[in-house]
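# Breakdown of the fold
Okay, here's what each chain looks like letter by letter:
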Amino acid sequence: MEVLGFVGLIGSLALLVYLTMKGINIIVSAILCSVLVAVLGGLNLETALMDDYMTGFVNYFSSWFFVFLLGAVFGKFMEETRSAESIATWISTKFGVKRAVFAVVAAAAIMTYGGVSLFVVGFAVYPIAVSLFRTANLPHRFIPAALVFGSISFTMTSPGSPEIQNIIPTEFFGTTPTAGGWIGVLCALIIMVAGGLYIGRVVKKASQNGEVFSLPRTSPLEAKEEMAASLAAESMDMNPEQKAKDLPHVFLAVLPLILVIVLLNVLGQFMDPTIALLIALVIGIADACITMSKYLKEFWNSLAIGAQNSLVAIANTCAVVGFGSVAATVPAFDTLIEGLVNMPGPPLLGLAVGVTLICGITGSASGGLGIALPILSPIYMAQGLDPGAMHRISALASGGLDSLPHNGYVVTTIRAICGEEHSRAYKPIFMLSVILPTIVLFLAVILYSIF
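Residues numbered from 1 in each chain as written. Predicted model: local features only at pLDDT ≥ 70, side-chain atom pairs only at ≥ 80, totals over all residues. Heavy atoms only, no water.

Turning next to the packing of aromatic side chains. Per the counting criterion, the structure on display carries nine aromatic pairs. When the ring of Phe61 is compared with that of Phe65, the centres are 5.1 Å apart and the planes differ by 15°; the resulting orientation is stacked. With Phe61 and Phe65 both in helix α3 (residues 45-80) and four residues apart, the pair spans about one turn of that helix. Note on Trp182 and Phe451: the rings are 5.5 Å apart at their centroids and 70° apart in plane angle, and the pair reads as edge-to-face. With Trp182 in helix α9 (residues 181-208) and Phe451 in the segment after α20 (422-450), this pair connects stretches of sequence that are 269 residues apart. In this structure Phe451 comes out as exposed when scored by relative accessible area, which is 64%. Here the aromatic residues Phe61, Phe65 and Phe66 are joined through ring pairs into a cluster of three or more. (Phe/Tyr/Trp six-rings, centres within 6.5 Å; stacked < 30°, edge-to-face > 60°. Helix = DSSP H or I, 4+ residues; strand = E, 2+ residues; numbered from the N terminus. Buried < 20%, exposed > 50% of the residue type's maximum accessible area, 1.4 Å probe, protein only.)

Shown next, in the form of C-alpha cells:
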C-alpha cells in the first residue's frame, strides 16, 4: 500500500503540473489531484476531502487572509494612482534601451520588494518591457523570464522583504523579517548577480543567432498585446516633460514602498511580524491615497477590485494547501519526512530538502511553507538549531521547486500577461527561478552549518 502511496504522490504532482499547463483552473486541478492521492494512498475519500482538504484550506485562509487582502489593495492603489507605471518608466529611462533586460528586472524587483502584489507588478511592467524590447529588437520570449526573475527569484526570499514567503517563517521560528543575517543577504546578492549575468548572456546569444522582436502569434490575447505595446511605445516616445505631467513624481510613487519596508522591519522588532506587516500596508495605502489623490479617480471601486483580487489569489493558494494537506496524511508522506529528517549531512539539509519538495508538490512557495513548517519546524526547533538560520533556509527553499511549470504566477506571467507559451519561454525561467535558487539554497545550508 505504501508503494501505491508513493505512486499517488508522484502521479498527483505530475497530474497537477499537466492540468495547470493545459490551463485548467488550479482549484479544480487541486481537488482532482487530491482525489487521486487519497485513493492511491488508501485514505477514506470523504474524510480526505471534507476533513483533511478543507482543514488545510480553511486554516491557511484564516491565518493569511488579511495579509492577502491588504497586499492586493495596496497593489491596486499603486496601479490606480499610476505609481507602478511611474516607477517602471523612470527606471526604463535611467537604464536606457541598451539595458532593456536589466531595466525590466530592476522595475519588477523594486516594486516586489516594496510589497506590491506579484500580479500587479507583472501587468504594470509588461507594457514598458514590450516597448524596451521592441526598440532594442530583443526576443519577446525573454520578457516572462525578466519579469519572474525580478519578481520572485531574490526579492521574496531576501531578509527584510515584506513578501509573505518571508513572513510565514516568523510564525514558526519566533524570528523577525530580517532573520538570517549576512548569509541571507549574501545569498540574495548571489542570485541577483548570477541571474543577471545569465539572462543577459542568453538574450545576447539569442540576438546574435538572429532572433528579433516579434509579438507571439499563438495567443488569444494578441490584439490586447498589440494595443498595450502600441500604447507603451507611444508613451516612451512622448516628451519626457509631458510624460512627467501625466504620472506622479517618482519620489511620491516610491514613498509608499519605502514606508512598507521600513515600518515592517522596525515594527517587526517589537511586535508580531504579521501585525507589523498589516500596519505597514495600511500606512502605505493611506500614503498612496493621500499624496496621489488626484490620480485616484474611484477610491471605493479600486478598494472593491483589490478585495476581489485578494479572494482569487488566496483561494488559489488555499486550494494547493488543501491538496498538500491530503498528501501529508498519506502514510508514504510520513516515510518521506522521516527519511528527510534522518538523511546524512547537516540537520539544516533535511529542512531545506523537505520545504523545497513540498513547495514543488504544491506549486506554491507560500502554500508549501504553510504545509511544511507546521510539520518540520517542531522537529528542527527541538534540535536546538539557530531559528534565524532555519527561517532563512525555509524562505530560500520555498523559492526553488515551487517555480515548476504549474506555479500560478509562472503560468499567469507566461500565458495571461505575455501571451507566450511554456515551450518558448519557460527554459530561462527554469534556470533563473528553479536551478539557481536551489544551488544557492544548498550553499546557504553549508554556510549556516559552518558559521
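Still more ground to cover, so stick around.
A few words now on the environment of Ile110. Looking at the element boundaries, Ile110 is found in helix α5 (residues 100-113). A relative accessible area of 38% means that Ile110 is categorised as partly exposed. For the pair formed by Ile110 and Val3, sequence separation is 107 residues and the distance between their alpha carbons is 46 Å. Apart from residues lying up to four places away in sequence, Ile110 is in contact with Ile87, Ile91 and Leu257. (Contact = heavy atoms within 4.5 Å.)

Turning our eyes to something else, we now look at the packing of helix α7 (residues 143-153) against α20. At a closest axis distance of 9 Å, the pairing of α7 and α20 adopts a crossing angle of 25°. Relative to α20, the element α7 lies roughly parallel. Handedness of the α7/α20 crossing: right-handed. Contact residues: α7 offers Pro144, Ala145, Val148, Phe149, Ile152 and Ser153, while α20 offers Ala425, Pro428, Ile429, Leu432 and Ser433. Across the contact of α7 with α20, the residue classes break down as nine nonpolar, two polar and no charged. (Axes fitted to C-alpha atoms, helices over the stretch in contact; angles between N-to-C directions. Parallel < 35°, antiparallel > 145°, perpendicular 65-115°, else oblique. Left-handed = near helix turned anticlockwise from the far one by under 90°. Nonpolar A, V, L, I, M, F, W, Y, C, P; charged D, E, K, R; others polar.)

What follows covers the pattern of salt bridges. Tallied over the full model, the rule gives five salt bridges. Between Lys76 and Glu79 there is a salt bridge whose closest N-O contact spans 3.5 Å. Residue Lys76 and its partner Glu79 are both found in helix α3; the two are separated by three residues, about one turn of the helix. Of the charged contacts in the structure, one is a salt bridge between Glu420 and Arg424, with a shortest N-O distance of 2.7 Å. Accessibility expressed as a relative area gives 3% for Glu420, which makes it buried. Of the residues examined, Arg424 reaches a relative accessible area of 35% and is grouped as partly exposed. One connected set of salt bridges, linked through shared partners, spans Lys76, Glu79 and Glu80. (Salt bridge = Lys/Arg side-chain N within 4 Å of Asp/Glu carboxyl O.)

Quick look at the packing of helix α4 (residues 83-95) against α5 now. Closest axis-to-axis distance for the α4/α5 pair is 9 Å, and the angle between their directions is 145°. You can see that α4 and α5 cross each other, and the crossing is right-handed. Only Phe102, Ala103, Ala106, Ala107, Ile110 and Met111 of α5 make contact with α4, whose side of the interface consists of Ala84, Ile87, Ala88, Ile91, Ser92 and Phe95. Its residues assigned to classes, the contact of α4 with α5 comprises eleven nonpolar, one polar and no charged.

Of note, Asn166 is situated in helix α8 (residues 164-173). Look at Asn166 and you get buried, because its relative accessible area is 0%. Excluding its chain neighbours within four sequence positions, the residues that come into contact with Asn166 are Met156, Ser158, Pro159, Gly160, Ser161, Pro177, His391 and Arg392.

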